[in-house]
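# Chain and residue survey
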Amino acid sequence: MNICSLLGLNMRFCRQAYLLAHVRTGVASMSGHTKLRLSLSTTPMRGSHNNLYQMATATAKSCGKNAELLQAKDCNVSKRKKVTCDKRPCESSDGAAGKGGGTGGPGGAGGSSSDGSGHDGSGRDGGGKGSLMGDDEANRKTKRLLALLAALGLGGLILWLLTRRTRKTTDDTDCTPPAATLSTVTVPASSADLPKHVPYLLIGGGTAAFSAFRAIKSNDPRAKVLMITNEQRKPYMRPPLSKELWYTAEKGEVTKDYRFKQWTGSERSLYFEPEEFFVDPKKLMETVNGGIAVAQGFSVKKVDPSKHIATLSDGYEISYDECLIATGCSPKNLDVFSQAIPSVREKVMMYRSPDDFDRLKRYADEKKSITIVGNGFTGSELACSLANYAKDKKVKIYQIFPESGNMSRVLPDYLSKWTTAKVESMGVCVMPQTSIKEAQRDEAVLKLTLSNGKSLLTDVVVVCVGCEPNTAIATTSGLETSRDLGGFVVNAELEARRNLFVAGDASCFYDPLLGRRRVEHHDHSVVSGRLAGENMVGKKKPYAHQSMFWSDLGPEIGYEGIGLVDASLPTVAVFALPTPTPDRRTDNLNIIEGDDKSGVSVGSTNTVIVDPEAPKVKCDPKDADHYGRGVIFYMKDDKIVGILLWNLFNRIGLARTIINQNKKFDDLNEVAKLFEIHA
């Protein structure tokens, strides 16, 4: 007998015992030939919480003792409030009359009940009309039935406890990947189908690796390139996952190739190339004109730079002439979640891939409440994008971080706090200077205990607290990594060893102007991957590129930065009021060039340099209503080492030129005029 049959049998016995006990004790009358029918409705588990802080009680007339409610209006998260009731939940009301039905007897706690006979339910009707057997015998049978009822109830409780973790509810928000994705599916099916030797081997399937392939193919038209990736997808770009893709999804279904509309209106796919562009790995070495084959679901555990051999996790060896490591980075988690029990961890997810996008979009469509942890690029962008996507779905979006404002490691303090207020105006409940002390499972949701003494109920938690470079093969391969910055240490030509290059997020390179660095941005992956690919065909070029980054916080805020953009450095900024129709940003995914910005200028001590050409600009940052367009200079030793363009576009080339000049400027206000912030 399976569990479902046993549970059904248990319910049946409980109903019959309950009704028969009522009849024997005279609580309700029953005709000898009447078939009893009782509608048994099971109370569903807690549904999706449109209001996160409200834990609904059972029925209108019953009230649980010391029931707790988490209540809040918008972002004013309150502490738990106790709700008391004059009557205990299981307390029977002997003889209490109801409207059309009595509440007396054991069923009173679950709401009003009726025996269907039309009586008032007071418990008096039928008591003096005789019974089918004597009082003693009736009492004995009643005791037996009650004992049976108790035993069956206990058995049902045990079964429920044993099976509750395996049952799937309609409001399940399990963030654990489906079982199908947990078992590694490889393409091709076996590593034995991969070539034993390739001229060019790329370890990693991201932007840097694909950019390297393009450079190789441009210089060697018949190049045969094998890419090995542990992902189940062909190479794709990550930036739209937290930005443009959400605004496209707002207007309709997402296509199979994740097409999205860029800010200029043009459309493209998340994937760099369609499926038919790639060569079957089994046929790569037979292809006359060469191409690129992608081995999906495989990982490399060791590279022998001396023998030019890469060893896969299953022991299969592939020799190469030139090799690139572009393993990227993996998202970090917080200890409060990673060390939690499994039922808590299944409600927590990272955000890195199209699968994560699909999962999070499904939660938003199901009106699940979502809490984002982190104030950096991904966390802030995702909060704004989700708030815009779910604005008509009544989905509550929360953002929690211990810093004082959004993007606090990049933006000056005054602009970070202004940005936080702007994010809140988009519908995000932002909780700065707050950390999560504890995470507990509360039935279908998570209860987060916050550092400010308050609690929050949420359906899903998305952790966006940065990433760490994937350098696991460094130890087995004898490669050097940076203790301070992480990543593989490379020379000026991005070589870790002879004929072994590293590009993208995992590379730790030397910048002639700013010192040794490791950068996690799309532009760096594109340019470093391209230069590594050129050097793999013998170009021997040094990497001297000042990479840029860009970010969008909703449709109204966009900014680009270049160089050493660090909020801990002194800054001088010049802002202007926004124009009614500001220039739209460029498609940075197609052309890694510029962005625009403008404004008023503020130093590290909050002193203000007023731009005389900017009319009616408020000079005190605390009193400024908004910062429309501007340029922010990041200073070190009185030189400009970083520039951030705030709502200014197509000017990154100029910013790169100014940084590369590596000199002191007498009047930064004059430098700001070069960016035409009032144009």
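Here, the structure is the one placed above.
Since the structure is predicted, the reported quantities are computational estimates derived from the model, not experimental observations.

## Let's talk about the pairing of strand β6 (residues 224-229)
With six of six residues buried, β6 is to be regarded as a mostly interior element. What you see with β6 is no split at all: Lys224, Leu226 and Ile228 on one side and Val225, Met227 and Thr229 on the other are buried throughout. Sheet topology note: the strand β5 (residues 197-203)/β6 ladder contains four bridges and is parallel. Bridge pairing links Ile203 to Ile228 in β6. On the question of chirality, the crossover connecting β5 to the parallel β6 by way of helix α4 (residues 207-219) is right-handed. In this structure, β6 lies alongside strand β9 (residues 291-296), joined through six bridges in parallel fashion. Paired with Ile228 across the two strands is Ala295, which belongs to β9.

## A look at a nonpolar patch on the surface
Residues Leu154, Leu157 and Ile158 make up a contiguous nonpolar surface patch of about 280 Å² in total accessible area. With respect to the helices and strands, Leu154 occurs in helix α2 (residues 135-163).

## Topic: the state of the cysteines
Applying the stated criterion across every chain, the model contains one disulfide. Each disulfide pairs two cysteine sulfurs, and for Cys329 the partner residue is Cys467, the sulfurs being separated by 2.2 Å. Residues Cys329 and Cys467 are joined through a disulfide that is left-handed, its torsion about the S-S bond being -65 degrees. Here Cys329 is found in strand β13 (residues 329-331), whereas its partner Cys467 is found in strand β22 (residues 467-469), with 138 residues between them in sequence. Exposure class is identical for Cys329 and Cys467. Each is buried.

## Some points on unusual backbone geometry
That bond from Val187 to Pro188 is cis: its omega, 5 degrees, falls within 30 degrees of zero. Locating Pro188 in the fold gives a position in the loop between α3 (179-182) and β5. Non-glycine residue Tyr258 carries a positive phi angle of around 55 degrees. Note that Tyr258 resides in the loop between α5 (244-249) and β7 (259-261). Residue Asn662 is not a glycine yet carries a positive backbone phi of 50 degrees. If you trace the backbone, Asn662 turns up in the loop between α13 (652-661) and α14 (668-673). Judged by relative accessible area, Asn662 falls into the partly exposed class, the value being 37%.

Cut-offs used in this document
- Residues numbered from 1 in each chain as written.
- Predicted model: local features only at pLDDT ≥ 70, side-chain atom pairs only at ≥ 80, totals over all residues.
- Heavy atoms only, no water.
- Buried < 20%, exposed > 50% of the residue type's maximum accessible area, 1.4 Å probe, protein only.
- Helix = DSSP H or I, 4+ residues; strand = E, 2+ residues; numbered from the N terminus.
- Pairing = 2+ DSSP bridges.
- Right-handed = clockwise from strand over helix to strand, strands pointing away.
- Patch = residues over 30% accessible without salt bridge, like charges linked within 9 Å, V, L, I, M, F, W, Y side chains within 5 Å.
- Areas by Shrake-Rupley, 256 points an atom, 1.4 Å probe, with all protein chains shown as cover.
- Salt bridge = Lys/Arg side-chain N within 4 Å of Asp/Glu carboxyl O.
- Disulfide = S-S within 2.5 Å.

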